[in-house]
Amino acid sequence: MRTANAMLASAILLATVAAESHASLDGHPSVTQYLSNDAPFVVFGVTPTSLGETSSRLTLTFIATDPLEQVNVFPFVRRTPDGPARLRPHVACGPRDPGSWDCHIPVADLLRGLADGGGELGLRIEAHGDLKERRQHSTVIVTIPVRQLPAADGPLVRAGTGVRPRRAQ
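Residues numbered from 1 in each chain as written. Predicted model: local features only at pLDDT ≥ 70, side-chain atom pairs only at ≥ 80, totals over all residues. Heavy atoms only, no water.

Student: Explanation requested: the overall build of the chain in the structure shown.
Tutor: Within the chain one finds two helices and nine strands. Scanning the chain from its N terminus toward the C terminus, one meets helices and strands in the order α-β-β-β-β-β-β-β-α-β-β. Relative to its full complement of 169 residues, the chain shows a buried share of 38%. Of the contacts made within the chain by residues no fewer than 6 positions apart, 60% connect residues no fewer than 24 positions apart. About 10,100 Å² of surface is accessible on the chain, with carbon and sulfur atoms providing 54% of the total. (Helix = DSSP H or I, 4+ residues; strand = E, 2+ residues; numbered from the N terminus. Buried < 20%, exposed > 50% of the residue type's maximum accessible area, 1.4 Å probe, protein only. Contact = heavy atoms within 4.5 Å. Areas by Shrake-Rupley, 256 points an atom, 1.4 Å probe, with all protein chains shown as cover.)

Student: Would you explain the pattern of salt bridges in this entry?
Tutor: Opposite charge on two side chains makes pairing possible when the charged atoms of those side chains draw close. Inspection of every chain in the model, using the stated rule, returns three salt bridges. Between Arg 78 and Glu 120 there is a salt bridge, and its shortest N-O distance comes to 2.6 Å. A residue pair is termed long-range when its members are at least 10 positions apart, and Arg 78 in strand S5 (residues 70–78) and Glu 120 in strand S8 (residues 119–128) qualify at 42 residues. Of the two residues, Arg 78 and Glu 120, neither departs from the other in class, the shared state being buried. (Salt bridge = Lys/Arg side-chain N within 4 Å of Asp/Glu carboxyl O.)

Student: Before we go on, may I ask you to explain the packing of aromatic side chains in this structure?
Tutor: Two descriptors summarise a pair of aromatic rings, namely the distance from one centre to the other and the angle between the planes of the rings. On inspection of all chains with the given rule, the structure shows one aromatic pair. With centroids separated by 5.3 Å and ring planes inclined at 40°, the aromatic side chains of Phe 41 and Phe 62 adopt a geometry described as tilted. Of the two residues, Phe 41 sits in strand S2 (residues 41–47) while Phe 62 sits in strand S4 (residues 57–64), which places them 21 residues apart along the sequence. Accessibility expressed as a relative area gives 0% for Phe 62, which makes it buried. (Phe/Tyr/Trp six-rings, centres within 6.5 Å; stacked < 30°, edge-to-face > 60°.)

Student: I'm lost on the confidence of the model for the chain in this one. Help?
Tutor: Reading fine detail from the predicted coordinates is not recommended where pLDDT is low. Mean pLDDT over the chain works out to 77, with 70% of the residues at or above the 70 mark. Between residues 1–26, whose pLDDT stays under 50, and residues either more than four places distant or in other chains, the model counts 27 contacts. Note that pLDDT drops below 50 for residues 153–169; the model gives that stretch 15 contacts with residues more than four away or on any other chain. (pLDDT = per-residue confidence, 0-100.)

Student: Can you walk me through the state of the cysteines in this structure?
Tutor: Think of a disulfide as a covalent bridge from one cysteine sulfur atom to another cysteine sulfur atom. Taken as a whole and judged by the stated rule, the model has one disulfide. For Cys 93, the disulfide goes to Cys 103, at an S-S distance of 1.8 Å. One quick way to see it: the torsion about the S-S bond of Cys 93 and Cys 103 is about -60°, and its sign makes the bridge left-handed. Here the residue Cys 93 occupies a position in the loop between strand S6 (91–92) and strand S7 (99–106), and Cys 103 occupies one in strand S7, the gap between them amounting to 10 residues. (Disulfide = S-S within 2.5 Å.)

Dropping the structure here:
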């Protein structure tokens, strides 16, 4: 039990440092930014850290250090990092007891809006500890780049060969 508590404390410390530096815990190129951090809630990461236009879901991993009464995720897409975005219907990821949790976010419908070019997918995460305590609220934004896939009729090069494969006629 002592080891588990030490690991949880280390994860919280790492998340706090990452939140202050606006760095992602799970690596570049996704970015995690805490707008407020007063609930017993820590984003541990998202996987995958970047998406293709044909991705179907991503996994949000978070830690509840105390019980959470609500965790709601509002996904959005936008073409540019500072561009306009409309929040989509939320995905409920809580309530949760203390511990580490995964929440699966469907993204296929969202990414169809970016089918003709790249952009980014975002998650606005609203976590609440005790709902009677207004101070137990955290808001976190996670952004994940969306890669544009090469066009099917564009030139393809086999890795390392410099040879373009033949197209079926």
